[in-house]
Amino acid sequence: MPETEVEDLLRHLAPQVLGAVVRRYGHFDTAEDAVQEALLAAAVQWPKDGVPDSPRGWLITVASRRLTDLLRGEQARRRREDTVNRWTPPDRSLAPAADRPASESDDTLILLFMCCHPALSPASQIALTLRAVGGLTTAEIARAFLVPEATMTRRITRAKQRVKDSGLPFGMPRGPERAERLRAVLHVLYLIFNEGYTSTSGPRLQRSELSAEAIRLARMTHRLLPGDGEVTGLLALMLLTDARRPARTGPDGGLIPMAEQDRSLWNAGHIAEGVALITGALPRGATGPYQLQAAIAAIHDEAPTAEATDWPQITALYELLMRIADNPMVALNHAVAAAMARGPHAGLDLLETLGTDGRLAEDHRLHAVRAHLLEMAGEHAAARDSYRAAARRTTNVPQQRYLHARAARLTADDR
């Protein structure tokens, strides 16, 4: 099997193997190290010797043996070996010979829930999810979030230690705790996708590898929980949003706003899949925020031109969303929709209230929206000032260039 296919297989198997090892023996932090060594051994051996008949079982066996070696090598050998014995039921060998199909999805989902432990900060949840479930290296995660590798190493190490110290058993949470943890899982995947789709800082507008990883993890979660409307809604939202990615930047990497994008470049496959997902999810049960956002994205994507967008329907959906989500960005997007449906002054009136919200007052997006609506209203001097204010507040280079260019164009038009 070619090395690229082996890498894809290992990335797919990594969370299943880690979940199985942690479920059977505990020691999340040490198990993660053991699994990484097993994956490395497979990456070296399988391209030369061939993939074994049970690749998952092979990896579990190698990781289990390495875990035993690591535990025996620690100072408190007796105490740790007792812990291993306590985690291992009598009817199971230390190195399982084969995987059980019924537990694959359970282990992966439990691992996702564990990485999104409530004791961890969102940043730590993201890092641990990408490391343990996504299979990314610490260096890759550090590059994605523009921090030194040493910083990310410390963040992941602290996260694993907090999970260990919590004494959390490896099992599926029940009742309200399960619902709360699932919300955390979806929020982490949403944050990963957003960072990939529009980077908070750096020289590139987007990091496609990060948004692609979020979509992969969302697909996996949807396979594990196909009947959950919000899981379906999040996957649909990601696909419908990512569909526009090919048209978002020009040859020089510069930002192209949606109204000016060449819609023929949009990913028709993603749009069709996303529309089908959200269409199937909406009639089932209560409608959550990810489903509403996906419905809004579907309206954008199905419009043949920017002018043909059904802004009144989008405005109504944002009003529903504001009832269930206390999120200033939802209110900001509602102001844009209201302006497009009823005129720029309707949106500017809504921005007056948003300007007093401390969560948004210094966000570049508030100033960028105000600038756009002022430009629509013909108030070019005020729009120019707002574009410049927005440019000062963003650390994403393509966004800065775009905002400065809009301000410069208004200056040139007024001469």
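For the structure, see preceding data.
Residues numbered from 1 in each chain as written. Predicted model: local features only at pLDDT ≥ 70, side-chain atom pairs only at ≥ 80, totals over all residues. Heavy atoms only, no water.

Considerations on the overall build of the protein
The criterion, for reference: The numbering of helices and of strands both runs from the N terminus, where a helix is a DSSP run of H or I of at least 4 residues and a strand a run of E of at least 2. As defined in this context, the radius of gyration uses C-alpha atoms, and a globule is described by 2.2 Å times the residue total to the power 0.38. Per-residue accessibility, obtained with a 1.4 Å probe over protein chains only, is compared with the maximum for each type, and a residue is labelled buried under 20%, exposed over 50%, and partly exposed between these values. The contact criterion used is simple: two residues touch if any of their non-hydrogen atoms lie within 4.5 Å.
When its secondary structure is counted, the protein shows 19 helices and two strands. Relative to its length of 415 residues, the protein is compact, with a C-alpha radius of gyration of 24 Å against a globular reference of 22 Å. With the principal axes as the frame, the protein shows a C-alpha extent of 80 × 45 × 40 Å. Here the protein, with 415 residues, has 50% of them falling under the buried criterion. Taking the contacts inside the protein whose residues are at least 6 apart along the sequence as the reference set, 66% of them involve residues at least 24 apart.

What to know about the environment of Ile60
Inspection of the secondary structure puts Ile60 in helix H3 (residues 55-72). Sequence-wise, Ile60 and Thr241 are 181 residues apart; in three dimensions their C-alpha atoms are separated by 37 Å.

Some remarks on the pattern of salt bridges
Note the cut-off: We define a salt bridge as a contact between a side-chain nitrogen of Lys or Arg and a carboxyl oxygen of Asp or Glu at a distance within 4 Å.
In total, this model carries 20 salt bridges according to the counting rule given. Where Arg131 meets Glu32, a salt bridge forms, and the shortest distance between an N and an O atom there is 2.8 Å. Pair noted here: Arg131 is in helix H6 (residues 122-132) and Glu32 is in helix H2 (residues 28-49), with a separation of 99 residues, a long-range link. For the pair formed by Arg131 and Glu32, the shared burial category is buried. Put simply, Arg359 and Asp357 hold a salt bridge, and the shortest N to O gap is 3.0 Å. Note on Arg359: relative accessible area 46%, which makes it partly exposed.

Observations concerning the packing of aromatic side chains
We count it as follows: Aromatic contacts are taken between Phe, Tyr and Trp rings whose centres are within 6.5 Å, Trp giving its six-membered ring; a plane angle under 30 degrees counts as stacked, one over 60 as edge-to-face, and the others as tilted. By the criterion adopted, a ring carries a charge over it if an Arg CZ or a Lys NZ lies within 6 Å of its centre and within 35 degrees of its normal.
Tallied over the full model, the rule gives three aromatic pairs. Between Phe193 and Tyr197, the ring centres sit 5.7 Å apart and the planes meet at 10°, which makes this aromatic pair stacked. With Phe193 and Tyr197 both in helix H9 (residues 175-197) and four residues apart, the pair spans about one turn of that helix. Tyr197 matches Phe193 in its accessibility class, with the two residues each being buried. The ring of Tyr197 carries the charged tip of Arg248 above its face, separated from the ring centre by 3.8 Å.

Let's talk about helix H17 (residues 364-376)
The periodicity of an α-helix, 3.6 residues per turn, causes residues three or four positions apart to be oriented the same way. Defined as follows: Each residue after the first adds 1.5 Å to the expected span of a helix.
For H17, with 13 residues, the first-to-last C-alpha span of 18 Å sits near the 18 Å given by 1.5 Å per residue. Most of H17 is tucked away, with ten of its 13 residues classed as buried. All of the buried residues in H17 are His364, Leu366, His367, Ala368, Val369, Arg370, Ala371, Leu373, Leu374 and Glu375. Structurally, H17 contributes buried residues whose contacts are with helix H15 (328-342), helix H16 (344-354), helix H18 (380-393) and helix H19 (397-413). Looking one or two residues past H17, Gly378 carries a phi angle of roughly 85°, positive in sign.

Description of the packing of H6 against helix H8 (residues 149-166)
A pair of packed helices is captured by two measures, namely the crossing angle of their axes and the spacing between those axes. Stated formally: Only the contacting stretch of a helix is used when fitting its axis, a line to C-alpha atoms as for every element, and angles between N-to-C directions run 0 to 180 degrees. Comment on the angle field: the value is read as roughly parallel under 35 degrees, roughly antiparallel over 145, roughly perpendicular from 65 to 115, and oblique elsewhere. Three categories are distinguished: nonpolar for Ala, Val, Leu, Ile, Met, Phe, Trp, Tyr, Cys and Pro, charged for Asp, Glu, Lys and Arg, and polar for the others, with Gly belonging to the last.
For the pair H6 and H8, the least separation of the axes is 9 Å and the interaxial angle reads 95°. Viewed along their axes, H6 and H8 adopt a mutual orientation that is roughly perpendicular. Residues Ala123, Ser124, Ala127, Leu128 and Arg131 of H6 touch H8, and the partners they reach there are Met152, Arg155, Ile156, Ala159, Lys160 and Val163. Class assignment for the residues of the contact of H6 with H8 results in seven nonpolar, one polar and three charged.

Description of the nonpolar core
Note on soluble globular proteins: their nonpolar side chains tend to be buried together. Short version of the rule: Definition used in this section: a nonpolar core is a set of buried Ala, Val, Leu, Ile, Met, Phe, Trp, Tyr and Cys residues joined via side-chain atoms within 4.5 Å.
Counting residues in hydrophobic clusters, the biggest one holds 82 residues, and the most contacted among them are Leu18, Val21, Phe28, Leu59, Leu128, Val133 and Met238. Of all the elements, helix H1 (residues 3-25) adds the most residues to this core, at ten residues. Leu366, Leu374, Ala383 and Ala391 belong to the second largest nonpolar core, which has 23 residues in total.

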